[in-house]
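Each chain, written out:
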Amino acid sequence: MLEVLTGSGLAASAGLNAYIPLLLMGLLARYTDLIDLPGGWQWLGNGWVILILAVLLTIEVVADKVPVVDHVNDVVQTVVRPTAGGLAFGAGSSSETVTVSDPDTFFSSHQWVPVVVGVLIALGVHLLKSAARPVINATTAGFGAPVASTAEDATSAVMSVVAILLPVLVLAFLLGFVLFFGWFLRRRNDRRRERAAARAAGFRV
């Protein structure tokens, strides 16, 4: 079960920032003994791959903090983040870490399953992030974009570390995501009703 939590945490992290979990796994695999990537995922620890991920992360961090540009970035990332989530789940759930000592017992016969699961998790988190950002920009005149983006990056980084070192705590992150999703839907419906009421009042006047 820890394999699933590790993969889920990394995939959810990729939904917020595509490159943080992949870069973290690559760095930890290359320079520490905290994670041992399986044969099919050893390329994540390659020096050139780490460098490319670092450059892409820098671009993503800057672009996501500029109003309007962040929206364009989210459109582009609709493909990138789910793909990264699939890779992160696949690599994370099949790696040996300080808490997972026998990852081969899970997903052993269907290697494509964790990738698909990771894609779906990352896509769900990405869609929520993309839907929330325009609301934040509109209500703060754009000033909330860098704050929200920084919080998302920090959450992605913390969740990636937790997924590898303390995967049980991923349950708390996933629960928080579900609660936030419910709150966001209620808040959006309330705003729609308020706008509809305002337009109706204007017509009556």
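What you see is a predicted model; the values in this text were computed from it and never measured.

**Some remarks on the overall build of the protein**
Now for step 1: When you go through the protein residue by residue, the secondary structure sums to seven helices and two strands.
Now for step 2: Counting helices and strands in the order they occur from the N terminus, the protein gives α-α-β-α-α-β-α-α-α.
Now for step 3: Counting every position in the protein, which comprises 205 residues, the buried fraction comes to 41%.
Now for step 4: A fraction of 74% describes how many contacts in the protein between residues 6 or more apart in sequence connect residues 24 or more apart.
Now for step 5: Total accessible area on the protein stands at roughly 10,600 Å², and carbon and sulfur atoms take up 72% of it.

**A short note on helix α6 (residues 144–165)**
Now for step 1: With 22 residues, α6 should reach 32 Å at 1.5 Å per residue; the first-to-last C-alpha distance of 31 Å fits that figure.
Now for step 2: Turning to α6, its buried residues are G144, A145, A148, S149, E152, D153, S156, M159, S160, V162, A163 and I164.

**Notes on the nonpolar core**
Now for step 1: One finds L22, M25, L44 and I164 to be the most contacted residues of the largest nonpolar core, which totals 24 residues.
Now for step 2: For this core, the secondary structure elements donating two or more residues are α1 (2–16), α2 (20–31), α3 (47–63), α4 (69–93) and α6.
Now for step 3: The element that contributes the greatest number of residues to this core is α2, accounting for six residues.
Now for step 4: Excluding its chain neighbours within four sequence positions, the residues that come into contact with M25 are L10, I35, L37, L44, A88, A91, G92 and I164.

**Quick notes on the pattern of salt bridges**
Now for step 1: The full count for this structure, using the stated rule, is five salt bridges.
Now for step 2: Measuring nitrogen to oxygen at the nearest pair gives 2.7 Å for the salt bridge that ties K65 to D153. Residue K65 is located in the loop between α3 and α4, and its partner D153 is located in helix α6; the two are separated by 88 residues in the primary sequence.
Now for step 3: Two residues, K129 and E152, come together in a salt bridge whose shortest N-O distance is 2.4 Å. One end of the pair, K129, is in helix α5 (residues 112–139); the other, E152, is in helix α6, and 23 residues separate them in sequence. Accessibility classification places K129 together with E152 in one group, the buried group.
Now for step 4: Connected through shared salt-bridge partners, E60, D74 and R81 make up one network.

**Quick word on the packing of α2 against α4**
Now for step 1: Viewed as axis vectors pointing N to C, α2 and α4 meet at an angle of 35 degrees, and their least axial separation amounts to 9 Å. For the crossing formed where α2 meets α4, the hand is left-handed. Of the residues in α4, those in contact with P21, L22 and M25 of α2 are A84, L87, A88, A91 and G92.
Now for step 2: Each residue belonging to the contact of α2 with α4 can be placed in one class, and the counts come to seven nonpolar, one polar and no charged.

**Examining the environment of R133**
Now for step 1: Within the fold, R133 resides in helix α5.
Now for step 2: Each C-alpha atom, one on R133 and one on D70, is 8.3 Å from the other, the two residues being 63 residues apart in sequence.
Now for step 3: Residue contacts for R133: discarding those within four places in its chain leaves D64, D70, D74, A145, A148, S149 and E152.

**Quick notes on the packing of aromatic side chains**
Now for step 1: Applying the stated criterion to the full structure yields one aromatic pair.
Now for step 2: Taken together, a centroid distance of 6.3 Å and an interplanar angle of 40 degrees make the contact between W41 and W43 tilted.
Now for step 3: Accessibility expressed as a relative area gives 16% for W41, which makes it buried.
Now for step 4: By relative accessible area, W43 is classed as partly exposed at 37%.

Criteria and cut-off values
- Residues numbered from 1 in each chain as written.
- Predicted model: local features only at pLDDT ≥ 70, side-chain atom pairs only at ≥ 80, totals over all residues.
- Heavy atoms only, no water.
- Helix = DSSP H or I, 4+ residues; strand = E, 2+ residues; numbered from the N terminus.
- Buried < 20%, exposed > 50% of the residue type's maximum accessible area, 1.4 Å probe, protein only.
- Contact = heavy atoms within 4.5 Å.
- Areas by Shrake-Rupley, 256 points an atom, 1.4 Å probe, with all protein chains shown as cover.
- Expected span 1.5 Å × (residues − 1).
- Core = buried A, V, L, I, M, F, W, Y, C linked by side-chain atoms within 4.5 Å.
- Salt bridge = Lys/Arg side-chain N within 4 Å of Asp/Glu carboxyl O.
- Axes fitted to C-alpha atoms, helices over the stretch in contact; angles between N-to-C directions.
- Left-handed = near helix turned anticlockwise from the far one by under 90°.
- Nonpolar A, V, L, I, M, F, W, Y, C, P; charged D, E, K, R; others polar.
- Phe/Tyr/Trp six-rings, centres within 6.5 Å; stacked < 30°, edge-to-face > 60°.

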